[in-house]
Structure formats: structure tokens, C-alpha cells
Amino acid sequence: MQILKNHNLKPYTSFGVDAYAAQFVTVTTLTELKSALALPTPQRLILGGGSNLLFCDDFDGLVIRICLTGITVNESASDVVSLHVSAGENWHEFVQWTLAQGYDGLENLALIPGVVGAAPVQNIGAYGVELGDVCDYVDVLNIETLAVRRYTPEECQFGYRDSIFKRELKDRAVIIAVGIKLAKPWVAKINYGPLASLGADASAVAIFKQVCLTRQQKLPDPNKLGNAGSFFKNPIINKIQFSAIAALHPHMPHYPAGDDIKLAAGWLIDQCELKGYQQGGAQVHTEQALVIVNTGSATATDIIVLAKHIQTTVLARFGVELHHEVRFMGRDGETNLAEVSCG
Ligand SMILES: Cc1cc2nc3c(=O)[nH]c(=O)nc-3n(C[C@H](O)[C@H](O)[C@H](O)COP(=O)(O)OP(=O)(O)OC[C@H]3O[C@@H](n4cnc5c(N)ncnc54)[C@H](O)[C@@H]3O)c2cc1C
């Protein structure tokens, strides 16, 4: 295990913005991970594929990149296929692999960047399916005690882009593996958007292809145009606030969210005519208002200033506060849009 000093994080994040880590290690085994956790440092960051992170500054600590690999399969039960997947496996390649084996059920979650170990952190979701729907367990290494403990889905407290790993277990646990259970017989989930036209007898592979096609059309490829996917979460508001806004905007897209209503953040931003709006090298994507892209020379400050402008504009127009989905890392650890400076 090599300890790299003052290491540029740009190649490890999908935003492709310069930022340096005081120390950086890549771990490929549990033993290496434990050794990395023993290194003296003021703070640590666990890094997967870097597709949901914005480094707002250099990081004054140790970045541990998780590259644990391996998949095991248990098909002994008649009603479920159980998969044990190491945290460093690439998520999309894993989805592709399951379909090639004939294990259907992950097709709606195709083409989400990042690694398996990060998937429970924000309970990744797309096209009507979330990780929590297929999660059997999450194996976690406690950073203080180095003990491994298995968390049930209930213990993970999965919510909309949320889990215990963003809250109580933040900075206290490293996910080392995820258990996935795929129900047999498989049932297609095609209620959502462009999948509905596929028809009830669509195969999992057909759904996978449609998801990939739609995503490729809608979302910029981070390998070509730096971005971190949806920059903001879809806001959830109460019914009273919704009625007031809907009276002025009767065609506003909205979805039930328990007792509340979920709005489409991209629609709100688009209504403010911000598509294509640019701040330095950062731009609101011309096709998808929810995505901020790095046109090539964006600094973290460009992205932060642009994000604040979007937030202020949407708040002034609709009275709705947007919260960022992308996680912000400052010099001393996680920060947020309200606290980060634009200097
Ligand atoms: C083009 C694009 C499209 C996207 N589409 C979607 C989408 O449809 N749905 C969706 O939900 N997300 C989407 N995302 C966001 C992103 O892909 C997911 O959040 C993904 O799970 C992040 O994985 P990662 O490995 O890149 O995590 P990273 O960005 O490396 O890390 C994200 C967070 O998880 C923590 N973390 C990572 N690994 C571990 C671990 N092993 N143990 C503990 N903590 C860990 C990190 O510390 C960090 O706080 C998209 C991103 C892009 C760029």
C-alpha cells in the first residue's frame, strides 16, 4: 500500500476539478484498509468512484480509495438469488454482469456511476427502483473498533437519497460489502417515464437497454463533460405549500411522497430559464437543468457560485429551497453550500 503525498484528486472525481489531498491511499484488501485506518491523520475521506463529490478546497487529511473486489452468489433458495458484492466493484459493470448471468432485477439501476460500496450511502435510485428495494444487508467496518458488523436494510434507514451512512455512521464506518437479493420470479418495474412504453412483457435486458439509452440521451457523460449527476435533490414540500404554488403553475410536475409532495428540481430550475447559464467554467447543462457541468476549466468556486445562484433564483421565484445531492468536501471535512465560501 503506497501512501501518496499531496496527491491531485482530479482524476478520481467525475467533476474533474483540481484539488489536492494531503495523503492518498488505494486499498484492495481488508487488511490494507485496516492499515490505512491506522495512519495518523486529522481526518479521513472514504472515496469510491468520486461521482457524487465536489472538493471545494484541498483536503487536509487522508483519502482512502476503496478498491475491494469480488462477487459471490448463493442460489440455494427457490425464491431469491443472493449476491455478496465487495465495495469496490463498479456498480454499472456489476449490473451488466447480473443480467449476463440471468439474474434479473437491477436493470432499472443501470448506468449509475460509482462503486457498489457507495450505493447504500445515498440509497441510489432511478426509474422507480432504489437500492433499498434489493438490499439484503450491508457489511460495515467500524473505524474505531475495526469490528465488522452486518446491517439489515431496516438498520440502514434507507430514505430518499438518504441512509444511516450519511448521518449516525458518517465518518465512523466503511462499507466493505453489500448483500443484494433478487426475487424469483422476476417482476418488471416499468411504471416510470420512458419505460412504460415497453409493455408488460418486456425482458430485463430490454429494460436495461432502454434505461441506458434514455440516460445517454438525457445525461452528459462525465468522461466527456465533467459533472456529478443531479446536483440538487427533488424538493419535498407540504400540501399547503404545494397548493399555493400549483395555483400559479397548474402544469408543474409533482409526485406523492408520503403525506407530502415531491417536485422536480430540474423543472423548477428550467422555469427560471437557467439552462445554459454559465459561471466561469461551470454551466447549467443545456439539455438537463438539474445537472451542473464543468465545460473544461471550472474551478470549485465556479460551481459553488453557480449552485448558489440557482438556489437563490428558485427560492425567489417559487419559495422552494433546493438542497444539494452532491456531497461537498472542504479542507477539514464535509461542508455544505450554505457554509462554503466562494473565495
Ligand atoms: C452522470 C451521473 C448520473 C448519476 N445518476 C444517478 C442516479 O440516477 N441515481 C443516483 O442515486 N445517483 C446518481 N448519481 C450520483 C452517483 O453516481 C451516486 O451517488 C453513486 O452512488 C456515487 O458512487 P461513487 O462510488 O462515485 O461515490 P463517491 O462519490 O466516491 O462517494 C460518495 C459518498 O459516499 C461515501 N462512500 C463512498 N464509498 C464508501 C464506502 N465504501 N463506505 C462508506 N462511505 C463511502 C463517500 O465518502 C462520499 O461521502 C449520478 C452521478 C453522475 C455523475
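The structure presented is a predicted model; accordingly, all values stated were derived computationally and were not measured.

(A) Quick peek at the sheet that holds strand S15 (residues 254–257). With antiparallel pairing, the three strands of this open sheet are ordered in space as S14-S16-S15. The sheet is open, and its two borders are formed by strand S14 (236–237) and S15, each paired with just one other strand.

(B) Looking closely at the site of the ligand. Close contacts around the ligand come from 33 residues, with Ile-46, Gly-49, Ser-51, Gln-122 and Arg-215 the closest. At 2.8 Å from a nitrogen atom of the ligand is found a main-chain nitrogen or oxygen belonging to Gly-125. When residues of the shell around the ligand are traced back to their parent elements, those giving at least two are strand S3 (44–47), strand S8 (125–126), strand S12 (173–183) and strand S13 (226–230).

(C) Spatial organisation of the pairing of strand S2 (residues 20–27). Pairing analysis gives four bridges linking strand S1 (residues 4–8) to S2, with the strands arranged antiparallel. Along S2, the bridge assignment pairs Asn-8 with Tyr-20. Two strands pair when backbone bridges link them, and S2 and strand S5 (residues 59–66) are joined in this way by six bridges, in the parallel orientation. Note on S5: the bridge partner recorded for Gln-23 is Leu-62.

(D) Fine view of the domain arrangement of the protein chain. Parsing the protein chain into structural domains produces domain 1 (4–66), domain 2 (71–217) and domain 3 (220–335). Measuring from the centre of the C-alpha atoms in domain 1 to the corresponding centre in domain 3 gives 27 Å. Listed as interface residues are 16 residues of domain 1 and, on the opposing side, 22 residues of domain 3. Three residues, Phe-15, Asn-52 and Leu-54, lead the burial of domain 1 against domain 3; their summed loss comes to 38% of the area buried on that side. For the pair domain 1 and domain 3, the interface holds two salt bridges. Joining domain 1 to domain 3, the criterion identifies ten residue pairs in polar contact (both at pLDDT 80 or more).

(E) Local environment of the nonpolar core. Judged by nonpolar contacts, the single largest core of 42 residues is most densely connected at Leu-83, Trp-91, Phe-94, Leu-106, Phe-165 and Ile-180. At the level of secondary structure, the elements contributing two or more residues to this core comprise strand S7 (80–86), helix H2 (91–101), helix H3 (131–134), strand S10 (135–142), S12 and helix H5 (204–218). Setting aside residues no more than four positions away along its own chain, Leu-106 makes contact with Trp-91, Phe-94, Val-95, Thr-98, Val-134, Ile-180 and Leu-182.

(F) Region of the structure containing the packing of aromatic side chains. Applying the stated criterion across every chain yields a total of nine aromatic pairs. Summarising the aromatic geometry, the rings of Tyr-12 and Phe-24 are spaced 4.6 Å apart at their centres and angled 35 degrees between planes, so their arrangement reads as tilted. One end of the pair, Tyr-12, is in the loop between S1 and S2; the other, Phe-24, is in strand S2, and twelve residues separate them in sequence. Phe-24 sits in the buried class, given a relative accessible area of 0%. Taking the ring centre of Tyr-151 as reference, the NZ or CZ of Arg-149 above it sits at 4.0 Å. The ring of Tyr-137 carries Arg-150 above its face, with NZ or CZ at 3.6 Å from the centroid.

(G) Region of the structure containing the pattern of salt bridges. Evaluation of the coordinates by the stated rule reveals ten salt bridges. The closest approach of N and O atoms between Asp-57 and Arg-331, which form a salt bridge, is 3.3 Å. Taken together, the positions of Asp-57 in the loop between strand S4 (53–55) and S5 and Arg-331 in the loop between strand S20 (327–330) and strand S21 (333–335) put the pair 274 residues apart, joining distant regions of the chain. The partner of Glu-155 in a salt bridge is Arg-149, and the shortest N-O contact between them spans 3.2 Å.

(H) Examining unusual backbone geometry more closely. Between Lys-184 and Pro-185 the backbone carries a cis peptide bond, its omega angle lying at -5 degrees. The topology assignment puts Pro-185 in the loop between S12 and H5. Even without a glycine there, the phi angle at Arg-161 is positive, about 50 degrees. In this fold, Arg-161 is placed in the loop between helix H4 (153–156) and S12. One non-glycine residue with positive phi stands out, namely Asp-171, at about 65 degrees. Here Asp-171 is to be found in the loop between H4 and S12.

Reading the values: rules and limits
Counting starts from 1 at the beginning of each chain's written sequence and moves along it residue by residue. In view of the model being predicted, local features appear only for residues whose pLDDT reaches at least 70, and side-chain atom pairs are presented and counted only at 80 or more, with totals across whole chains, interfaces and linings using the full set of residues. Side-chain numbers come from the whole structure's heavy atoms, not from hydrogens or water. In this scheme, strands are said to pair when DSSP sees at least two bridges between them. The secondary structure listing takes helices from DSSP runs of H or I that are at least 4 residues long and strands from runs of E that are at least 2 residues long, numbered from the N terminus. For this description, a residue counts as near a given molecule or strand if any of its non-hydrogen atoms is within 4 Å of it. Polar contact is the term for a pair of N or O atoms within 3.5 Å; when the atoms are in protein, one must be able to donate a hydrogen and the other to accept it, and sequence-neighboring residues count only if both atoms are side-chain atoms. Marked domain ranges trace back to an automatic or database domain assignment. Any two residues whose heavy atoms approach within 4.5 Å are treated as being in contact. What gets called buried area is simply the loss in accessible area from a 1.4 Å probe that two parts show on being joined, summed for both. The salt bridge definition used is simple: a Lys or Arg side-chain nitrogen within 4 Å of an Asp or Glu carboxyl oxygen. Only buried residues count toward a nonpolar core, which is a set of Ala, Val, Leu, Ile, Met, Phe, Trp, Tyr and Cys residues joined through side-chain atoms within 4.5 Å. A 1.4 Å probe rolled over the protein chains alone gives each residue an accessible area, and that area as a share of the maximum for its type sets the label: buried under 20%, exposed over 50%, partly exposed in between. For this analysis, a ring pair means two rings from Phe, Tyr or Trp (six-membered ring only for Trp) whose centres lie within 6.5 Å, classed as stacked if their planes differ by under 30 degrees, edge-to-face if by over 60, and tilted for the remaining angles. Ring-over charges, as used throughout, are those where CZ of Arg or NZ of Lys falls within 6 Å of the ring centre and within 35 degrees of the ring normal.

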